[in-house]
Amino acid sequence: MPEKQTATNVRTGGTVETEVPTADEAHVAALLREREGYATHGRDERVKAVDAELKRLGVSRADAHKGTERAVSKPRERRTSS
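What comes next concerns the included structure. (Residues numbered from 1 in each chain as written. Predicted model: local features only at pLDDT ≥ 70, side-chain atom pairs only at ≥ 80, totals over all residues. Heavy atoms only, no water.)

Counting its secondary structure elements, the chain contains three helices and two strands. Traced from its N-terminal end to its C-terminal end, the chain shows the element sequence β-β-α-α-α. Residues classed as buried in the chain amount to 12% of the 82 residues present. Pairs at least 24 apart in sequence give 25% of the contacts found in the chain among residues at least 6 apart. Total accessible area computed for the chain in this model is approximately 7500 Å², and 49% of it derives from carbon and sulfur atoms. (Helix = DSSP H or I, 4+ residues; strand = E, 2+ residues; numbered from the N terminus. Buried < 20%, exposed > 50% of the residue type's maximum accessible area, 1.4 Å probe, protein only. Contact = heavy atoms within 4.5 Å. Areas by Shrake-Rupley, 256 points an atom, 1.4 Å probe, with all protein chains shown as cover.)

Below is the structure:
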């Protein structure tokens, strides 16, 4: 679970409370991004290695993605010069 940290907004002087991921959460998130890159480029052996590391950490892929949303962007239209 993310840790909560309090900071002071420099512009307004107000207090802001933000959630900061723990070191373990940040590590798992990095591994998932790494895995996604390998899967995208067809590097199956590296995907298996990352999956093994996630398993060693006690994280299943379903647990890792629980509660996360993925943004899907539309392909950008090309502009033509006139």
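Helix-helix packing is described using two parameters, namely the angle between the two axes and the distance between the axes. Viewed as axis vectors pointing N to C, helix α1 (residues 23–40) and helix α2 (residues 44–56) meet at an angle of 160 degrees, and their least axial separation amounts to 9 Å. The orientation of α1 relative to α2 falls into the category roughly antiparallel. You can see that α1 and α2 cross each other, and the crossing is left-handed. On α2, the residues touching His27, Val28, Leu31, Leu32, Glu34, Arg35, Tyr38 and Ala39 of α1 are Arg46, Val47, Val50, Asp51, Glu53 and Leu54. For the contact of α1 with α2, a count of residues per class yields eight nonpolar, one polar and five charged. (Axes fitted to C-alpha atoms, helices over the stretch in contact; angles between N-to-C directions. Parallel < 35°, antiparallel > 145°, perpendicular 65-115°, else oblique. Left-handed = near helix turned anticlockwise from the far one by under 90°. Nonpolar A, V, L, I, M, F, W, Y, C, P; charged D, E, K, R; others polar.)

Attention now moves to the nonpolar core. With eight residues, the main nonpolar core is built from Val28, Leu31, Leu32, Tyr38, Val47, Val50, Leu54 and Val59. For this core, the element with the most residues is α1, which contributes four residues. The residues contacting Val50, other than those within four sequence positions of it, are Leu31, Glu34, Arg35 and Tyr38. (Core = buried A, V, L, I, M, F, W, Y, C linked by side-chain atoms within 4.5 Å.)

Of note, Tyr38 is situated in helix α1. Residues within four places of Tyr38 in sequence aside, it is in contact with Arg43, Arg46, Val47 and Val50.

The next point concerns the pairing of strand β1 (residues 3–8). Two faces, one strand: in a regular strand the side chains alternate between the faces of the sheet. Little of β1 is tucked away, with zero of its six residues classed as buried. Across six bridges, the pairing between β1 and strand β2 (residues 15–20) is antiparallel. Each bridged residue has a counterpart across the sheet, and for Glu3 the counterpart in β2 is Val20. (Pairing = 2+ DSSP bridges.)

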